[in-house]
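Inside the fold
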Amino acid sequence: MNIDLPGFSDPVHDAQACFRAVLDAMSRPGTVRAAGAGLLPPAPLAPATAAVLLTLVDGETPLGMAPLFQPAADWISFHCGALVPADAGRAAFVLATALPDLSMAAQGSDDRPEDSATIILQVASLAGPSRFRLAGPGIQSHAILAVGGLPADFVARWARNQRLFPRGVDLILCAGDRLAALPRGIRVSEV
Amino acid sequence: MNVASGYNFAYLDEQTKRMIRRAILKAVAIPGHQVPFGSREMPLPYGWGTGGIQVTAAVLGRDDVLKVIDQGADDTTNAVSIRRFFARTAGVATTTHTAEATVIQTRHRIPETALRQDQIIVYQVPQPEPLSRLEPSREETRRMHALADYGLMHVKLYEDITRFGHVSISYDYPVMVDGRYLMAPSPIPAFDNPKMDRMAALQLFGAGREKRIYAVPPYTSVRSLDFDDHEFRASRAPHACLLCGATDSYLDEVVIDDQGGRMFVCSDTDHCEGRRDGT
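Cut-offs used in this document
- Residues numbered from 1 in each chain as written.
- Chains lettered and ligands numbered in written order.
- Predicted model: local features only at pLDDT ≥ 70, side-chain atom pairs only at ≥ 80, totals over all residues.
- Heavy atoms only, no water.
- Helix = DSSP H or I, 4+ residues; strand = E, 2+ residues; numbered from the N terminus.
- Contact = heavy atoms within 4.5 Å.
- Areas by Shrake-Rupley, 256 points an atom, 1.4 Å probe, with all protein chains shown as cover.
- Lys, Arg positive; Asp, Glu negative; His and termini not counted.
- Charge placed at Lys NZ, Arg CZ, Asp CG, Glu CD.
- Buried < 20%, exposed > 50% of the residue type's maximum accessible area, 1.4 Å probe, protein only.
- Axes fitted to C-alpha atoms, helices over the stretch in contact; angles between N-to-C directions.
- Parallel < 35°, antiparallel > 145°, perpendicular 65-115°, else oblique.
- Nonpolar A, V, L, I, M, F, W, Y, C, P; charged D, E, K, R; others polar.
- Core = buried A, V, L, I, M, F, W, Y, C linked by side-chain atoms within 4.5 Å.
- Phe/Tyr/Trp six-rings, centres within 6.5 Å; stacked < 30°, edge-to-face > 60°.
- Pairing = 2+ DSSP bridges.
- Buried area = accessible area lost by both parts, 1.4 Å probe.
- Salt bridge = Lys/Arg side-chain N within 4 Å of Asp/Glu carboxyl O.
- Polar contact = N/O pair within 3.5 Å; in protein donor to acceptor, adjacent residues only side chain to side chain.

**Looking at the overall build of chain A**
Within chain A, the regular secondary structure consists of four helices and nine strands. Written out in order from the N terminus, the α and β elements of chain A read α-β-α-β-α-β-β-β-β-α-β-β-β. Across its three principal axes, chain A shows a C-alpha extent of roughly 45 × 30 × 30 Å. For chain A, restricting intrachain contacts to residue pairs at least 6 apart in sequence, the fraction spanning at least 24 positions comes to 67%. Total accessible area computed for chain A in this model is approximately 7500 Å², and 54% of it derives from carbon and sulfur atoms. Distance from the positive charge centre (14 side chains) to the negative charge centre (17 side chains) of chain A: 12 Å.

Right, dumping it as structure tokens:
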């Protein structure tokens, strides 16, 4: 058990600051923002990952979790009150360290594309070595996302998700105390 | 101003804020699409900006500087009340200067001063569904959005042109967001529509009674609906502001006596004052 490890020291303002970081990252893909500095979550949660969970996940949002995060499951259920769905396809949020099969997560429908999963992906780094060129809403001309820990075939897998627009999943990438985001409509190519 | 005690920061409880924040993130990910949310009862009636207030409450932080305008003015009842509401429930700094604000809540105008990328503009929206006057069923309009079937709106614009020689919509003029979703820009004058196109600031829209949130990310294409041979034109009253002399700002017509006297002045009070002060 590790529920004695604290969550946000100031739940109202820390959640607000983390939300603004996620909002900024989601509105301007390629932007890397600080989140969760000072948090001491149980392994293997990184501070940014834990901050995103505390900010967005609660009893109304089923949370799918990769088995690797099992040591932190008690902490997550204590602080977020999140339910673990029986069926991964029903999760509103999916917590993972390796990019899951995006087509297995909730995609939303044409009528209600917002009923789709947000994948919180804890990656090795948001400073490289892989570099991707981004284009789409929120980007003035082009943006670069530097990230370590995405699969070699990420561009092709993301393209399949992007083609579903307005359906499709959104991605929040967390590493250490930094985060970035890729909303479903963003086109990604190799640099 | 005294900060009211007994309320959570920015009035809403944290559970509600999380729900609204999730809706905002989905709205940003699907530009122009209306995301349903569990709109709460607020301490003012529907139609007074409850949607905008809930979005602002979910976004606002201690360090934000809030500006609220109603038809361009900082000093009208709605603007003063909402600004005071957040000064009391969140203790945030407020301003009337567009350039000093980090969050701007607006009813029916976009400031004349170009917004920056470190700013967020929150629109109060009475009717989020651009097709509402053409198709009463929300199930049907949702289907039309799903299929990007906006023929009905093109027919409406075409009929206007055949009857009046021009499109007879002067406010809440429908726009296409990133070439995909038809969106109601809220009842801003059509004059303001071009400011939405590729705006550097994030644009969030809240409709409290209709329980919808939608968004336009920065630098996103927002095109006013038109035809190749009848292009959209932003119009304004053909006068100069009587107070500051501006010939490029949106003007309000003000009746000044019972003899038929009237004057035209800038609707954006901060812009007008700034020009008169020479700042």
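**Concerning helix α2 (residues 50-59) of chain B**
Of all ten residues that make up α2(B), ten are buried, and the element is covered over most of its length. If you check which residues of α2(B) are buried, you get B:T50, B:G51, B:G52, B:I53, B:Q54, B:V55, B:T56, B:A57, B:A58 and B:V59.

**A short note on the packing of helix α2 (residues 47-56) of chain A against helix α1 (residues 14-29) of chain B**
With their axes 8 Å apart at the nearest point, α2(A) and α1(B) run at an angle of 110° to one another. Between α2(A) and α1(B), the angle falls in the class roughly perpendicular. Contacts between α2(A) and α1(B) pair A:L54, A:T55 and A:L56 from the former with B:R18, B:R21, B:R22 and B:L25 from the latter. When the residues that make up the contact of α2(A) with α1(B) are grouped by side-chain class, the tally is three nonpolar, one polar and three charged.

**As for unusual backbone geometry**
Along the chain, A:A43 connects to A:P44 via a cis peptide bond; the corresponding omega equals 5°. Note the cis peptide between A:G128 and A:P129, where omega equals 10°. Looking at the element boundaries, A:P129 is found in strand β5 (residues 125-135). A positive phi is found at B:D172, a non-glycine position, where the angle reads about 50°. Within the secondary structure layout, B:D172 lies in the loop between α5 (151-164) and β6 (175-177). The residue B:S186 is not glycine, and still its phi comes out positive at about 70°. Considering the arrangement of structural elements, one finds B:S186 in the loop between β7 (181-183) and α6 (193-196).

**Notes on the nonpolar core**
Nonpolar side chains in soluble globular proteins tend to end up buried together. Of all hydrophobic cores here, the largest spans 70 residues; its most connected members are A:I76, B:I24 and B:F86. The greatest single-element share of this core, amounting to nine residues, is contributed by helix α1 (residues 11-27) of chain A. Dropping the residues within four chain positions of it, B:F86 is found in contact with B:A10, B:I53, B:T56, B:A57, B:L60, B:L66, B:G91, B:V92 and B:Q105. Core analysis: the second largest hydrophobic core is formed by 30 residues, A:L99, A:L102, A:L126 and A:V188 among them.

**Some words on the packing of aromatic side chains**
In this description, a pair of aromatic rings is defined by centroid distance and the angle of the planes. Residue and element names in this part refer to chain B. One pass over the structure, following the stated rule, counts nine aromatic pairs over all chains. Plain terms: the ring middles of Y123 and F205 are 4.2 Å apart, the flat faces sit at 5° to each other, and that makes the pair stacked. With Y123 in strand β5 (residues 120-124) and F205 in strand β8 (residues 202-207), this residue pair connects regions lying 82 residues apart in the sequence. When sorted by exposure, Y123 lands in the same class as F205, which is buried. Connected via pairs of aromatic rings, a cluster forms that spans Y7, Y11, F85 and F86.

**Topic: the sheet that holds strand β10 (residues 222-224) of chain B**
Within a beta sheet, neighbouring strands are joined by backbone hydrogen bonds and run either parallel or antiparallel to one another. Residues and elements named next belong to chain B. Strand order across the open sheet formed by three strands is β7-β6-β10, with antiparallel pairing between neighbours. Each edge of the open sheet is held by one strand with a lone partner, namely β7 and β10. The mean angle between the axes of side-by-side strands here comes to 35°, regardless of whether they run parallel or antiparallel. Of the strand pairs in this sheet, β6 and β10 are connected by three bridges, and their pairing is antiparallel. Residue pairing in the sheet places V175 in a bridge with S224 of β10.

**Focus: the interface of chain A and chain B**
Taken together, the contact between chain A and chain B spans 38 residues of the former and 43 residues of the latter. A combined buried area of about 3400 Å² lies between chain A and chain B, and 57% of that area is made up of carbon and sulfur atoms. On the chain A side of the contact with chain B, A:R28, A:D111 and A:E114 bury the most area, a combined 18% of that side's loss. For the interface between chain A and chain B, the tally reads eight salt bridges. For B:K26, the salt bridge goes to A:D170, with nearest N and O atoms at 2.8 Å. Taken together, chain A and chain B are joined by 21 residue pairs in polar contact (both at pLDDT 80 or more). Counting residues per element, the side of chain A that touches chain B draws most heavily on α1(A), at eleven residues.

**Details of the side chain of B:T50**
All names here are of chain B. Mapped onto the elements, T50 comes out in helix α2. With relative accessibility at 2%, the residue T50 sits in the buried group. Every residue in contact with T50, bar those within four places of it in the chain, is listed here: M42, L44, P45, G208 and R209.

Read these as spatial facts, not as claims about activity.
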